[in-house]
Amino acid sequence: MSMFCYQCEQTVGGNSCTKVGVCGKQPSTSNLQDDLTVALIELAFASGKGYGDEEAKLMMQGLFTTVTNVSFDDNSIRKLLEKINSATKNLDCSIKVDLDLWEGNQDEVSLRSTLLFGLRGMAAYAWHAYRLGFEDQEVTDWFFSGMRAIGQSHEVSEWLQLL
């Protein structure tokens, strides 16, 4: 199984891990986390500008799950992925995002990655707050609009404005 993991600051030589992650992450986990990220983008598109509590919870939990060293449990990632795909389907939307997160114009990939990593970091705090009974609507709205933005092409100036 091949591996391309560019999900954290621990990557080999500052580029990517291509066999096994420096952190110990296996290729299957890296691939599942990429699948999870694409599923979250699809959920964001399917939600449009309206989402419920369940979709908000899944968005925060999914982003948090992809933060460095949070979960290397393939089975739990698969279960979360199933929940997200089901929620997307329940929104009566069959959108499929055809996106390779790490391919394309170098500037666009770098800026897309910066936004994604920032959203993941925000989600770490938001998920913990949510588990304690707190949620900020503005932050949750940004998760959905940010993930939609990641699923689209933008000029460098547009990416910079998003960031």
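Just above, that's the structure.
This report concerns the structure included in the present document. As the structure is a computational prediction, the values presented were derived from the model and not from experiment.

Of the regular secondary structure elements, the protein chain holds 6 helices and 0 strands. Here the protein chain has a C-alpha radius of gyration of 15 Å; the compact-globule value for 163 residues is 15 Å, and the two agree. Viewed in the frame of its principal axes, the protein chain has a C-alpha envelope of about 40 × 40 × 30 Å. In the protein chain, which comprises 163 residues, the share counted as buried stands at 44%. For the protein chain, the proportion of contacts with a sequence separation of at least 24, taken over those separated by at least 6, is 71%. Approximately 8,700 Å² of the protein chain is accessible, and the part contributed by carbon and sulfur atoms is 49%. Distance from the positive charge centre (13 side chains) to the negative charge centre (22 side chains) of the protein chain: 7 Å.

Turning our attention to the packing of aromatic side chains. Counted by the stated rule, this structure contains 3 aromatic pairs. Centre to centre, the rings of Trp-127 and Tyr-130 are 5.5 Å apart; their planes meet at 15°, and the pair counts as stacked. Taken together, the residues span about one helical turn, with Trp-127 and Tyr-130 both in helix H4 (residues 106–131) at a distance of 3 residues. Among the residues examined, Trp-127 registers a relative accessible area of 7% and is labelled buried.

With respect to the helices, strands and loops of the structure, Thr-65 is situated in helix H2 (residues 53–65). Classification of Thr-65 as buried rests on a relative accessible area of 10%. For Thr-65, the side chain forms a polar contact with the main-chain oxygen of Gln-61, separated by 2.7 Å. Filtering out sequence-adjacent residues up to four positions away, Thr-65 remains in contact with Gln-33, Leu-36, Val-70, Ser-71, Ile-77 and Leu-80.

A separate point is H2. Each α-helix turn comprises 3.6 residues. Residues three or four places apart therefore point the same way. In this model H2 runs 18 Å from its N-terminal to its C-terminal C-alpha over 13 residues, within 8% of the 18 Å that 1.5 Å per residue would give. Within the sequence span of H2, burial applies to Glu-55, Ala-56, Leu-58, Met-59, Met-60, Gly-62, Leu-63, Phe-64 and Thr-65. Of the surrounding secondary structure, the elements contacted by the buried residues of H2 are helix H1 (27–47), helix H3 (74–90), H4 and helix H5 (137–150).

Before going further, it helps to spend a moment on a nonpolar patch on the surface. A cluster of nonpolar residues, Val-156, Leu-160 and Leu-163, forms a patch on the protein surface that exposes about 260 Å² of accessible area. Judged by relative accessible area, Val-156 falls into the partly exposed class, the value being 38%.

Structurally, Val-97 is set in the loop between H3 and H4. Residue contacts for Val-97: discarding those within four places in its chain leaves Val-38, Ile-41, Glu-42 and Phe-45.

The biggest cluster of nonpolar side chains holds 37 residues, and the ones touching the most others in it are Met-59, Leu-63, Ile-84, Phe-143, Met-147 and Ile-150. Listing elements by their share of this core, those giving two or more residues are H1, H2, H3, H4 and H5.

As a further point, take a negative patch on the surface. On the surface, a cluster of negative charge is contributed by Asp-53, Glu-54, Glu-135, Asp-136, Glu-138 and Asp-141. Contributions of two or more residues to the negative patch are made by H2 and H5.

Moving on, we get to the pattern of salt bridges. Applying the stated criterion across every chain yields a total of 1 salt bridge. Salt-bridge contacts for Glu-108 lead to Arg-112; the nearest nitrogen and oxygen are separated by 3.4 Å. Remark: Arg-112 and Glu-108 occur in helix H4; sequence separation between them is 4 residues, near one turn of the helix. For Glu-108, a relative accessible area of 15% gives the class buried. The exposure class assigned to Arg-112 is buried, which follows from its relative accessible area of 5%.

Reading guide: rules and limits
Residues numbered from 1 in each chain as written. Predicted model: local features only at pLDDT ≥ 70, side-chain atom pairs only at ≥ 80, totals over all residues. Heavy atoms only, no water. Helix = DSSP H or I, 4+ residues; strand = E, 2+ residues; numbered from the N terminus. Rg over C-alpha atoms; globule rule 2.2 N^0.38 Å. Buried < 20%, exposed > 50% of the residue type's maximum accessible area, 1.4 Å probe, protein only. Contact = heavy atoms within 4.5 Å. Areas by Shrake-Rupley, 256 points an atom, 1.4 Å probe, with all protein chains shown as cover. Lys, Arg positive; Asp, Glu negative; His and termini not counted. Charge placed at Lys NZ, Arg CZ, Asp CG, Glu CD. Phe/Tyr/Trp six-rings, centres within 6.5 Å; stacked < 30°, edge-to-face > 60°. Polar contact = N/O pair within 3.5 Å; in protein donor to acceptor, adjacent residues only side chain to side chain. Expected span 1.5 Å × (residues − 1). Patch = residues over 30% accessible without salt bridge, like charges linked within 9 Å, V, L, I, M, F, W, Y side chains within 5 Å. Salt bridge = Lys/Arg side-chain N within 4 Å of Asp/Glu carboxyl O. Core = buried A, V, L, I, M, F, W, Y, C linked by side-chain atoms within 4.5 Å.

Geometry only, nothing functional implied.
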